[in-house]
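Architecture and fold: a report
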Amino acid sequence: MVIPLLKKLWPFSFIKKFNKNEILNDGLQGKIPEVQTSVSKSLQKNLNYVNTVMKNCQDAIVRPFKIGKKPGIPAFVVFLDGLVDRELLEKSVMIPLMVKSQEENINHFLKNNAFDYIENHLLASTDLKKISEMERVIQSVCSGSTAIFIDGLNKALIVDYEGYNFRNVEEPEVEPVIRGPREGFTEALRVNNALIRRKIKSPKLKAEFLEIGSITKTQVGLFYIDGVVNNKILEEARKRISRINIDGILDTNYIDELIRDAPLCPFPLIHRTEKPDVVAAELLSGKLAILVDGSPSALIVPAVFTEFFISSEDYYLIFIFSSFTRWIRFLSLLIAVFLPALYVAVTTYHQEMIPTPLAISIAATREGVPFPTFVEAALMGLVFEILREAGTRMPRTIGQAVSIVGTLIIGDAAVSAGLTSPPTIIITALTGLAIFTIPAPEMVITLVIIRFLLLILGAVMGLMGIMLATLILLSYLASLRSFGVPYLSPLGPLKPRDLQDSIVRVPWWMMRWRPHLIGSKSKRQPFGQKPGPHKR
Amino acid sequence: MWLLITTSNSLLIPLSQTAIAAGSRQDSWLAEILSLAIQLVMLQMILKFSLLSKDMEFSSRIKKICGRIVGSIVIVLYIWFFVFSSAAFLKELTSFAVAMIYVQTPSVVIDLMIILTSCYMAFHGLEVQARTNEIILPTIISLYLIGLFLLLPNVKLDNFKPVLENGLTPVIKGAFISSSSFVFTVFVPVVLSYVNKPEECQKTLTIGSIIQGFLLIIATAIITGVLGPNLAQVTIYRGYIALRYISYGNFVEHLDPIGFSIFVLSKVVQISLFIYAASLISAQFLAIKSYKPLIFPTGFIILLLSNIFKNVSQLNRFFITLWPLHNFFFEMVIPLFLWILILFGGRERNLE
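Calculation notes
- Residues numbered from 1 in each chain as written.
- Chains lettered and ligands numbered in written order.
- Predicted model: local features only at pLDDT ≥ 70, side-chain atom pairs only at ≥ 80, totals over all residues.
- Heavy atoms only, no water.
- Helix = DSSP H or I, 4+ residues; strand = E, 2+ residues; numbered from the N terminus.
- Rg over C-alpha atoms; globule rule 2.2 N^0.38 Å.
- Contact = heavy atoms within 4.5 Å.
- Areas by Shrake-Rupley, 256 points an atom, 1.4 Å probe, with all protein chains shown as cover.
- Buried < 20%, exposed > 50% of the residue type's maximum accessible area, 1.4 Å probe, protein only.
- Lys, Arg positive; Asp, Glu negative; His and termini not counted.
- Charge placed at Lys NZ, Arg CZ, Asp CG, Glu CD.
- Patch = residues over 30% accessible without salt bridge, like charges linked within 9 Å, V, L, I, M, F, W, Y side chains within 5 Å.
- Salt bridge = Lys/Arg side-chain N within 4 Å of Asp/Glu carboxyl O.
- pLDDT = per-residue confidence, 0-100.
- Domains from an automatic or database assignment.
- Polar contact = N/O pair within 3.5 Å; in protein donor to acceptor, adjacent residues only side chain to side chain.
- Pairing = 2+ DSSP bridges.
- Axes fitted to C-alpha atoms, helices over the stretch in contact; angles between N-to-C directions.
- Core = buried A, V, L, I, M, F, W, Y, C linked by side-chain atoms within 4.5 Å.
- Phe/Tyr/Trp six-rings, centres within 6.5 Å; stacked < 30°, edge-to-face > 60°.

In this section: the overall build of chain A. In terms of regular secondary structure, chain A is built from 16 helices and 12 strands. Relative to the 2.2 N^0.38 estimate, which gives 24 Å for 536 residues, the radius of gyration of chain A is 31 Å and therefore markedly larger than a compact globule would have. Each principal axis of the C-alpha distribution contributes one length, and for chain A these read about 105 × 95 × 55 Å. Look at the contacts in chain A between residues 6 or more apart in sequence, and 66% of them connect residues 24 or more apart. Here chain A displays about 28,600 Å² of accessible surface, and carbon together with sulfur accounts for 62% of that area.

Another point: the overall build of chain B. Scanning chain B for helices and strands turns up 15 helices and two strands. Radius of gyration (C-alpha) of chain B: 20 Å, near the 20 Å computed for a compact globule of 352 residues. If one aligns the C-alpha atoms of chain B with their principal axes, the spans along those axes are about 65 × 45 × 35 Å. Among the 352 residues that make up chain B, the fraction classed as buried is 58%. A separation threshold of at least 6 residues defines the contact pool for chain B, and within that pool the share at least 24 residues apart is 84%. Accessible surface, chain B: about 14,300 Å² in total, of which carbon and sulfur atoms supply 69%. Both charge centroids of chain B, one from 23 positive and one from 17 negative side chains, sit 7 Å from each other.

Taken together, the side chains of Leu34, Val163, Leu164, Leu168, Ile172 and Phe176 of chain B make up a nonpolar region of the molecular surface, amounting to roughly 510 Å² of accessible area. Relative to the elements of secondary structure, Phe176 of chain B occurs in helix 7 (residues 169-180).

Going from Val301 of chain A to Pro302 of chain A, the amide bond is cis rather than trans, its omega being -15 degrees. As for its position among the elements, Pro302 of chain A is in the loop between strand 10 (298-301) and helix 11 (319-348). Residue Ala287 of chain B is not a glycine yet carries a positive backbone phi of 55 degrees. Here Ala287 of chain B lies in the loop between helix 11 (256-285) and helix 12 (295-305).

Residue and element names in this part refer to chain B. Mean pLDDT over chain B works out to 80, with 90% of the residues at or above the 70 mark. Within chain B, the lowest mean pLDDT, 50, falls on helix 15 (residues 348-351), and the highest, 93, falls on helix 12. Note on residues 1-17: pLDDT is under 50 here. Beyond four places in sequence and across chains, it has 63 contacts. Model confidence for the complex: the whole-complex pTM is 0.86, and ipTM, which rates the interface, is 0.88.

The next point concerns the confidence of the model for chain A. All names here are of chain A. Looking at chain A as a whole, its pLDDT mean stands at 85, while 92% of the residues score no less than 70. Confidence, read as mean pLDDT per element, is least for helix 1 (residues 2-9) in chain A (62) and greatest for strand 9 (residues 288-292) (94). Here residues 20-34 scores under 50 on pLDDT; set against residues more than four positions off or in separate chains, the count is 12 contacts.

Segmenting chain A into domains produces domain 1 (43-159), domain 2 (189-303) and domain 3 (319-486). Relative to domain 2 of chain A, the C-alpha centre of domain 1 of chain A lies at a distance of 35 Å.

Between chain A and chain B, the contact holds 29 residues from the first and 29 residues from the second. One can count one salt bridge joining chain A with chain B. When the shortest N-O distance is used, the salt bridge between Arg481 of chain A and Glu127 of chain B registers 3.1 Å. Seen at the junction of chain A and chain B, the total is five residue pairs in polar contact (both at pLDDT 80 or more). In terms of residues, the side of chain A that touches chain B owes the most to one element, helix 16 (residues 441-479) of chain A, which gives 14 residues.

A few words now on a positive patch on the surface. Residue and element names in this part refer to chain A. A cluster of basic side chains, namely Lys232, Arg497, Lys521 and Lys523, defines a positive patch on the protein surface. Its location among the elements puts Arg497 in the segment after strand 12 (485-486). Judged by relative accessible area, which is 43%, Arg497 ranks as partly exposed.

Bringing the sheet that holds strand 5 (residues 156-159) of chain A into the picture now. The strands making up a sheet associate through backbone hydrogen bonding, with each pair oriented either parallel or antiparallel. Residue and element names in this part refer to chain A. As summarised here, the arrangement of the five strands in space is 1-2-4-5-3, forming an open sheet in which the pairing is antiparallel. Strands with a single pairing partner mark the edges of an open sheet, and in this sheet they are strand 1 (60-67) and strand 3 (128-131). Neighbouring strand axes in the sheet, compared pairwise and without regard to direction, differ in orientation by 25 degrees on average. Pairing between strand 2 (residues 73-80) and strand 4 (residues 146-150): four bridges, direction antiparallel. By the bridge assignment, Ala75 is partnered in strand 4 with Ile150.

Attention now goes to the sheet that holds strand 10 of chain A. Residues and elements named next belong to chain A. Judged by pairing direction, the sheet is antiparallel, and its five strands sit side by side in the order 6-7-9-10-8 without closing on themselves. Looking at strand neighbours, the two that pair on one side only are strand 6 (205-212) and strand 8 (271-273), the edges of this open sheet. Direction aside, the axes of adjacent strands within the sheet are offset by 25 degrees on average. Two strands pair when backbone bridges link them, and strand 6 and strand 7 (residues 218-225) are joined in this way by eight bridges, in the antiparallel orientation. Bridging across to strand 7, Leu205 finds its partner in Ile225. With respect to the sheet, helix 8 (residues 231-242) is in contact with strand 6, strand 7 and strand 9, its orientation differing from that of strand 7 by roughly 175 degrees.

Moving on, we come to the nonpolar core. Of all hydrophobic cores here, the largest spans 128 residues; its most connected members are Met443 and Met464 of chain A together with Phe82 and Phe260 of chain B. Among the domains, domain 2 (189-303) and domain 3 (319-486) of chain A are the pair contributing at least three residues each to this core. What Met443 of chain A contacts, discounting residues up to four positions off in sequence, is Phe267, Pro268, Phe305, Phe308, Phe309, Ile438 and Tyr487 of chain A. One finds Val220, Leu288, Val292 and Leu299 of chain A within the second-largest nonpolar core, a separate group that totals 23 residues.

Residues and elements named next belong to chain B. The full count for this structure, using the stated rule, is 31 aromatic pairs over all chains. The interplanar angle of 15 degrees and the centroid separation of 4.7 Å between the aromatic rings of Trp80 and Phe84 together place this pair among those described as stacked. Of this pair, Trp80 and Phe84 are both found in helix 4 (residues 68-100), four residues apart, which corresponds to roughly one turn of the helix. Here Phe309 and Phe318 contribute two aromatic rings whose centre-to-centre distance is 5.1 Å and whose plane-to-plane angle is 50 degrees, an arrangement assigned as tilted.

Moving on, we come to helix 6 (residues 134-142) of chain A. What helix 6 of chain A keeps buried is the set Met134, Val137, Ile138, Gln139, Ser140 and Val141 of chain A. Turning to helix 6 of chain A, the residues buried within the fold contact helix 2 (43-53), strand 2, strand 3, strand 4, strand 5 and strand 6 of chain A.

This part is about the pattern of salt bridges. All names here are of chain A. For the coordinates displayed, the defined rule picks out 27 salt bridges over all chains. Residue Glu119 is joined to Lys130 by a salt bridge in which the shortest nitrogen-to-oxygen separation is 3.0 Å. Of this pair, Glu119 sits in helix 5 (residues 114-122) while Lys130 sits in strand 3, and the two are 11 residues apart along the sequence. Residue classification places Glu119 among the partly exposed positions, given a relative accessible area of 22%. The residue Arg238 makes a salt bridge to Glu208 at a minimum N-O spacing of 2.7 Å. With Arg238 in helix 8 and Glu208 in strand 6, this pair connects stretches of sequence that are 30 residues apart. Assessed through its relative accessible area of 22%, Glu208 is described here as partly exposed.

Written out as structure tokens, the structure reads:
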């Protein structure tokens, strides 16, 4: 008596207990009057079911017809308009079933064992499936297959004549290269799959497909090379992907955010790429690739920090150039993150550090500037970020022009109006340029945020603030893991052998091992591949 | 077990301590060589002792050796050591920063920032700290070497003469004072049960301490050579002052902030490792599952405790008088005491 009353009075009773296994209402189950799980022998029942489920889906085409001579076996096909290549469908399904089956000699077979004959002799399709669960039939129709129902057969025949339009294979715009393959992924998983297959022609390349998304039923592919991949990481990836329970997956980022190790971490813990050659290279080093139908970018797990400073081009240029450009990139990383903070710290707290003539010239240019250095640097940094974002969002043809004009005019006018000093402009421009050397766009945004935080600390505490912030940042980075692999991996736990492909790029004949914690223990190549003149 | 590359622990070694010049003047480099020898002996001893029972947690090991009551006293002494040492380090760092750069900043602000940073680093645990150190250590050593290398032209060989002016006594005294700052030996037994390959410790730690010993010898020699025995003895921040002598082409000069950075980096790492050790032992002692809730209280106790030193000169005097005794008590006396208990107390069998 008392307890129910208390329960009613309990103010938080509206908070329901979170149920993990709650079935998401996908809008399908509620509308079907009688739940029909398997395909019926009666064609009429099946037709009714399909009509009910596909009600108001006006792109669904249901075409009843008859097989064989009069009276013939009643049948119907169902498919979605636009997803199916109609010409092919007519040629290889409709014509054999409706026209060829009229022939005298065939009719004899049709009478005896019709279904067998239809399946084995009439349907000229390379890919034929027989499915008896109704829901799966509807599912495959929704993803572009064609279902054939025949009276008396308690299975539906599924043929694949997908014929929708997709983008051509083009060079991805975010990962431009001077040398090396230029093809990039498209939005169709099948095409992407083929692009990877064409690079790795081995049955060891495995592709596991899963359907994720209770409504969208998106195909997600997990690619790896058997014997090269680290089995622990593979198991972990499978577990994490199969745990996902969401209504829709529209891009790889959905998967990224649902499987990453640290959900609130600003750093990219999973590498993304739009290039099949990068995916193939990463697969060969023992990583896994996750592709999603409808997204041109592939996820590559596990990822380490240094990987985001490596461009695919590093492997297509001779190793001296690529090592050098890597150092340039790491230097740019330091400039992009630390330079404004150091400038502010040095000019506000440690003026004695600047050589005297330089200090005097900086002081002279700063004369008449109303703001302290910090405000100057922060404002200019902000203006630069605005310009950058505007340049990206604008139509490509005018974007570049506008951003160049904007930078030049705003910079020049700000100096001549006495709002800012030329050194600040130089620092901001250098920082802004430096950050563009980093190939991974996800990393760039994170670094920009960190740059602003460091700028504040440099202004508040000088060098000491920068040092302490660096320590915090480093220990945060060291605490991160990507699928169990330490994020600072070749440097963090120092693996001297893995430095071969992180801070330098050694020539190919020296790259004998896969990354220590990532790939399996198998070697990439035997010893003694160093080229040289033939010895007599 | 945690993956820990133990070389990173050599960061614990004080890189910026050259208190030696307080005792043995122009012969301090000799004293440092001697001190390196003493340190190596100490390290071997402590490793022998702590590898006896490498799989057991520190506090239960101590309790097993000494019994409950004496064991508790020893554990509390160890906690005191870590807390007090970090307090001394904190005061050293803060007073340096306030004296040299942040003249108008209240020292509490700097204290607080350092303690919060160290607590954050300690919070992540030993493994993350080790990984962080593997990046910081090469940075510090390269900065250190750059500084020393740039100082080379300023070294005057006359500053080293006459050799052994006052006989051997000041050299030996200096060696003992210098080797007492090898507080690392107290830290090793505490964390040894969390290292995944304890047997490799012996090698890596010996190499690490030899490297740091050589750095210290070179640094001492160069600083004495640059400043001269008198100035080196009188000034408190010798290395920092010496870096001001660098001048190349009127452009590469005033590199003292580099010395400051080395100092900050190494001290903060030391403090964070000591906070970790203190809260780890406390957690084991109080039978708390995780050390994490104890980190911030430990940090604030350190912050308060650091105020028992009133000013820089008092702290500096403390570092060459009481501090060596205090350290030797933990580096030599307690391990010897424990070892004797193991050998004669017949408790050796229980350890296996």
